Amino acid sequence: MLHGKMSYGRGPEDDDNAQFPPVITGVRSRPVSGEFPISSHAHGEQALSSSVHKRVHPYPVSEPGSARWDEKKEGGWKERMDDWKMQQGNLGPDADDYNDPDMAMIEEARQPLSRKVPIASSKINPYRMVIVTRLLVLAFFLRYRILNPVHDALGLWLVSVICEIWFAFSWILDQFPKWFPIDRETYLDRLSFRYEREGEPNMLSPVDIFVSTVDPLKEPPLVTANTVLSILAMDYPVDKISCYISDDGASILTFEALSETAEFARRWVPFCKKFSIEPRAPEMYFSLKIDYLKDKVQPTFVKERRAMKREYEEFKVRINAIVAKAVKVPPEGWIMQDGTPWPGNNTKDHPGMIQVFLGHSGGLDAEGNELPRLVYVSREKRPGFHHHKKAGAMNALIRVSAVLTNAPFMLNLDCDHYINNSKAVREAMCFLMDPQTGRKVCYVQFPQRFDGIDRHDRYANRNTVFFDINMKGLDGIQGPVYVGTGCVFRRQALYGYDPPKGPKRPKMVSCDCCPCFGRRRKLQKYAKHGENGEGLEEDKEMLMSQMNFEKKFGQSAIFVTSTLMEQGGVPPSSSPAALLKEAIHVISCGYEDKTDWGLELGWIYGSITEDILTGFKMHCRGWRSIYCMPKRPAFKGSAPINLSDRLNQVLRWALGSVEIFFSRHSPVWYGYKGGNLKWLERFAYVNTTVYPFTSLPLLAYCTLPAICLLTGKFIMPTISTFASLFFISLFISIFATGILELRWSGVSIEEWWRNEQFWVIGGVSAHLFAVVQGLLKVLAGIDTNFTVTSKAVDDEDFGELYTFKWTTLLIPPTTLLIINLVGVVAGISDAINNGYQSWGPLFGKLFFAFWVIVHLYPFLKGLMGRQNRTPTIVVIWSVLLASIFSLLWVRIDPFILKTKGPDVKQCGINC
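Residues numbered from 1 in each chain as written. Predicted model: local features only at pLDDT ≥ 70, side-chain atom pairs only at ≥ 80, totals over all residues. Heavy atoms only, no water.

S.K.: A description of the UniProt feature "binding site: UDP-alpha-D-glucose" (unreviewed entry) in the protein chain should follow, citing residues and the corresponding values.
M.R.: Feature annotation in UniProt assigns "binding site: UDP-alpha-D-glucose" (unreviewed entry) to the following positions: Ser212, Lys218, Glu219, Asp248 and Lys389. Tracing the backbone shows aspartate 248 in the loop between strand S4 (241-247) and helix H12 (252-275). What makes aspartate 248 buried here is its relative accessible area of 8%. Setting aside residues up to four positions removed in sequence, aspartate 248 forms contacts with Thr213, Val214, Arg379, Lys381, Lys389 and Ala393. Its place among the elements puts lysine 389 in helix H15 (residues 389-404). Ignoring any residue separated from it by four or fewer positions in sequence, one finds lysine 389 in contact with Asp248, Arg379 and Ile608. (UniProt positions renumbered as here; feature names shortened; annotations may be inferred. Helix = DSSP H or I, 4+ residues; strand = E, 2+ residues; numbered from the N terminus. Buried < 20%, exposed > 50% of the residue type's maximum accessible area, 1.4 Å probe, protein only. Contact = heavy atoms within 4.5 Å.)

In structure tokens form, the structure reads like this:
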């Protein structure tokens, strides 16, 4: 090592490979793709750091008789610097390697596949300082509020103080997980250099892609077809893609639509790859209002595009015909094309069904090239079994894919989330296949982006604050939470295995003296642990010797065998017929009985928001996740822009959080044993489960201004000049936190304000109902059934935005609007009647009343619908409002002189 360090770049006279460290001589030959000494072996890393990065001088010390060194000393400074720079990039003794393109490619492939991009200190440091300042000011404010009660309105004061304490607690849970936000960059060219080298087999890992659908009437088959087509056409080796469609409604409509989609894919996929179009979902591509000729140079593009668009229109007509036919179910049930009854005529009692539409046998496109595998799956359903909704369907897909293809990574998408960036999976592989950090990554989560939302995003459907601020903050701790779609998983992490563990470092350096003998033995033990491999292999050996695999994974020998194959793959001796038979077995409704499915492995049961639980269990085992935000959004979907549908969607999310809070997997008390979950990460998970409970203090706090205006009470004591400084400082720190947050995240102020408005709208409606329904479910066992959010698209642009659908969720916000408007009118009338001295306290009450009204303004617009189209329910509320206001008017009696004077008998004529 010493001689290699001193001989580095000495010249041709020392050309002896044996004189160099192993890492330097090793790079002279071409290694296998994906395997490089520096990144794969700890010894190689040590050698490189010793021989390259720790050299003190660019040249060794001059030796007597060294003619070359003497000549260099006589040369100019510029020549010596140029020679030193050349030697810095040369890893071998031959200068010719510096210009070798293979060497340059190897050097590029050795580099990391991704890197963290920290937020600029000029942006993040002021943000953290304001957070600390706000925390201190908040502590002084709460202290002042508690120590200065309002005796003439003690009840109102107590309610307001309790609400403010809860708001402070909720703010801490939400704010501090955003302390370490980061961005990330990926290097797709390095991924190709490392795993797709010319003349060698492609080393990219296979990926199984899951798409789930239930009701074809609410999730139109054309939407699902576009998602499937974007998957089949994505930029990834076709022999490493397998697309599985879970039809949990066992609908023949979905089955026949998928058959048509497979036929159309034979022409659509080669068209996409030939001209590199984006996005690769035909509906979205042909509806783009941009210059589609930009960057296109092939003369045949226009002709082929017109032909493809015509074929897609014909494809849409065939799909619409299938949908129209399926509206009315025949009395005898559906009949398949071969004359046999459709097995899923009874959607709640049918056998498991698997159909391979595209695959290695016969799955060729119009140009004779291979197509990715496309598999239709509908799991068995029988009365008396609990099927666990989407989580159960996803677990069935895990087992089916493990038997048929067993890819080491899995991407799950909702049926309306198409691939908008054809290189999205490659972006995820930059993290999951990184040889240094990838093996500890359980999943890569992409942000959700949506089409068809109005420009102003009235109901915060884009959820930009969460995806662009909160998720970036979590990525700097232990990783983002799993949000249900657009996520690439490591299969081994879903199987309940712990992440690999490297060698542990001893607490002190050992020596040969007597007190350190024990430490020396521990060090050798750790060294042996590091040499033999990772904790994953040890976990598997322990399971083989101490556990019953059938109890954990179920009674399927083929599936159990697949769980031990970390790199994936199917045994070559297995026949397709045997694999299909086993695949039918693993989706039977009784397969999960007395196993760990849904408890410790797969998608976790116990909540309608199974995504939060699944990610939480992985983080508790010590895995970390990655947040990937490519410049071109990876996936895009549809969002409910209608007010009623949006509130019902938020209700479902909030109820799932309440269920998790009362379950045994609650982040408040679960996951402390291993100590693998970081504290700020736990704060974020606790916040995801307790945020619906904020609806109770929020509803009370939004009612207080109206009560104070109507009763003339005030919940604040007389404020001194010193105390007023804390109030002003609190408001300034609140605004400063928001502004600095927008500065480092890039979120616009309009998006932030829409998020604040909908936080109040959802908090006093959907979150409130979620808490009530969650308590009823826990205490009384009353369950609530939810319908799937409609993915149908209105023919008119944003036509659904103005559609009014009455639901009980609209009652609390409407009531709050009415009583605050009445309170404002009553308060101003009372102030005019009582004179100048009552205007001072009135301004504070009016400020909070207007705060409530401004936050509920989008709700008011949604309640009114289109202009000149006032719903009947609004008229009813208006009559109610007029009645309440009339009664209050009689009670207050504004503008009427008081005829009763003082009692002259008691106080005299000069009273």
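S.K.: So what about the pairing of strand S6 (residues 373-378)? Which residues, and what values?
M.R.: Burial runs high along S6: six of the six residues are buried. Strand direction decides the pairing type here: S4 and S6, joined by five bridges, are parallel. Its bridge partner lying in S6, tyrosine 244 is registered against valine 375. Here strand S5 (residues 353-358) pairs with S6 via five bridges, running antiparallel. In the sheet register, isoleucine 354 faces S6, and the bridge partner there is valine 377. (Pairing = 2+ DSSP bridges.)

S.K.: Residues and numbers for helix H14 (residues 301-325), please.
M.R.: Owing to its 3.6 residues per turn, the α-helix brings residues three or four apart onto one side. With 25 residues, H14 ought to run about 36 Å at 1.5 Å a step, and its terminal C-alpha atoms sit 36 Å apart, in line with that. If you check which residues of H14 are buried, you get Phe301, Arg305, Met308, Tyr312, Phe315, Lys316, Ile319 and Ile322. Tucked into the core, H14 has its buried residues touching helix H11 (221-232), H12 and helix H13 (282-286). (Expected span 1.5 Å × (residues − 1).)

S.K.: Give a description of the sheet that holds S6 that names residues and reports values.
M.R.: Spatially, the eight strands line up as an open sheet ordered S5-S6-S4-S3-S7-S11-S9-S12, and their pairing is mixed. Each edge of the open sheet carries a strand with a single partner, namely S5 and strand S12 (624-627). With strand direction ignored, the average angle separating the axes of adjacent strands in the sheet is 20°. Packed onto the sheet, helix H24 (residues 610-620) meets strand S9 (441-445), strand S11 (487-490) and S12 and runs at close to 145° relative to S9. (Axes fitted to C-alpha atoms, helices over the stretch in contact; angles between N-to-C directions.)

S.K.: Lay out the UniProt feature "active site" (unreviewed entry) in the protein chain in plain terms, naming residues and giving numbers.
M.R.: As annotated by UniProt and renumbered to match this structure, "active site" (unreviewed entry) occupies Asp248 and Asp611. What makes aspartate 611 buried here is its relative accessible area of 12%. Apart from the residues lying within four places of it in its own chain, the contact partners of aspartate 611 are Tyr482, Val483 and Gly484.

S.K.: Tell me about H24, and please be specific about residues and values.
M.R.: Extensive coverage of H24 is indicated by the burial of 11 of its 11 residues. Glycine 622 sits one or two positions beyond H24 and adopts a positive phi of about 110°.

S.K.: Give a description of the pattern of salt bridges that names residues and reports values.
M.R.: Scanning all chains against the criterion turns up 31 salt bridges. Here glutamate 164 and arginine 145 are joined by a salt bridge, their closest N and O atoms 3.1 Å apart. Taken together, the residues span a long stretch of sequence, with glutamate 164 in helix H9 (residues 154-175) and arginine 145 in helix H8 (residues 121-147) at a distance of 19 residues. With relative accessibility at 6%, the residue glutamate 164 sits in the buried group. The shortest N-O distance in the salt bridge between arginine 491 and aspartate 208 comes to 2.8 Å. In this pair, arginine 491 is assigned in helix H18 (residues 491-494) and aspartate 208 in strand S3 (residues 207-213), connecting sequence segments 283 residues apart. Here the two residues arginine 491 and aspartate 208 agree in accessibility, since each one is buried. Beyond isolated ion pairs, a larger network of salt bridges with shared partners links Glu196, Asp235, Lys423 and Arg426. (Salt bridge = Lys/Arg side-chain N within 4 Å of Asp/Glu carboxyl O.)

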